[in-house]
Amino acid sequence: MFATLFVFPFVNRKIGSLATFRLVILSYPILYLMVPYLTLVPTALRMPCIYFVLVWKVTAQALSYPSLAIMLANAAPSKKVLGTLNGVAASSASLCRAFGPTLSGLVQSLGLSVGVLGLPWWANSFVAIIGAVLSLRMVEEKRRYSKAQEANLDSEDLPFLDADVLESVPSEDLRN
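Residues numbered from 1 in each chain as written. Predicted model: local features only at pLDDT ≥ 70, side-chain atom pairs only at ≥ 80, totals over all residues. Heavy atoms only, no water.

Peer 1: Account for the overall build of the chain, with residues named and values stated.
Peer 2: Helix and strand counts for the chain come out as 8 helices and 0 strands. The N-to-C order of helical and strand elements in the chain reads α-α-α-α-α-α-α-α. In the chain, which comprises 176 residues, the share counted as buried stands at 24%. Of all intrachain contacts in the chain linking residues separated by at least 6 positions in sequence, the fraction that spans at least 24 positions is 72%. Carbon and sulfur atoms make up 69% of the accessible area of the chain, which totals about 11,800 Å². (Helix = DSSP H or I, 4+ residues; strand = E, 2+ residues; numbered from the N terminus. Buried < 20%, exposed > 50% of the residue type's maximum accessible area, 1.4 Å probe, protein only. Contact = heavy atoms within 4.5 Å. Areas by Shrake-Rupley, 256 points an atom, 1.4 Å probe, with all protein chains shown as cover.)

Quick look at the structure:
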């Protein structure tokens, strides 16, 4: 909560949402690569290092999720679709949270069977590297519509909504 309430607003105000997101996303591969090697740290330093990694991970999440939500809202073609857009984003995140542990558990089992205990962390690092590279291609959009422009948006202006769904909704509901 501390990072979300105090650190995120300060960082986001200084460098912006996209830079905040990239900063965090680029640090995840390093974080995931470090974790399996914490067992090699001297016993006296092991717990402080584990706490450091945990604080890093929690702070990174506290910085990445709000900045991603801000960029998602700014990229919406209309305020009328923000609920749908946020719902799809939340559902996708929940789906990943549901299957991620299962997939990581399978990779952990594979690693144990071949004697490579760091395999799940290295796999996570590989996925994080892909995400980091993709984040470098991201462009922050800021769409601003006046109330008149919002009122005049037609279903053709909302390209990611399915045409069958739009046909089943009365047009006056789309305008409200």
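Once the structure has been displayed, the description carries forward.
Peer 1: An account of the nonpolar core is needed here, citing residue identities and associated values.
Peer 2: Val 24, Ile 25, Tyr 28 and Val 53 are the most contacted members of the largest nonpolar core, which has 17 residues in total. Contributing elements (two or more residues each) for this core: helix 2 (17–34), helix 3 (43–75) and helix 5 (119–135). Tallying contributions element by element places helix 2 first for this core, with 7 residues. In this view, Val 24 contacts Ala 60, Leu 63 and Ser 64; residues no more than four positions away in its chain are not counted. (Core = buried A, V, L, I, M, F, W, Y, C linked by side-chain atoms within 4.5 Å.)

Peer 1: Which residues make up a nonpolar patch on the surface, and what values do they have?
Peer 2: On the surface, a cluster of nonpolar side chains totalling about 510 Å² of accessible area is made up of Leu 33, Tyr 37, Leu 40, Trp 121 and Trp 122. Mapping Tyr 37 onto the fold places it in the loop between helix 2 and helix 3. Assessed through its relative accessible area of 43%, Tyr 37 is described here as partly exposed. (Patch = residues over 30% accessible without salt bridge, like charges linked within 9 Å, V, L, I, M, F, W, Y side chains within 5 Å. Salt bridge = Lys/Arg side-chain N within 4 Å of Asp/Glu carboxyl O.)

Peer 1: Quick rundown of helix 1 (residues 2–15)? Include the residues and the values.
Peer 2: With 14 residues, helix 1 extends 19 Å between its outermost C-alpha atoms, agreeing within 8% with the 20 Å of an ideal straight helix rising 1.5 Å per residue. At Phe 8, helix 1 shows its maximal bend, which comes to roughly 35°, and the proline Pro 9 appears one to four places after that position. Those residues of helix 1 lying buried are Ala 3, Phe 8, Val 11 and Asn 12. Within two residues after helix 1, Gly 16 carries a phi angle of roughly 90°, on the positive side. (Expected span 1.5 Å × (residues − 1). Bend = angle between axes of the 7 residues up to and from the residue.)

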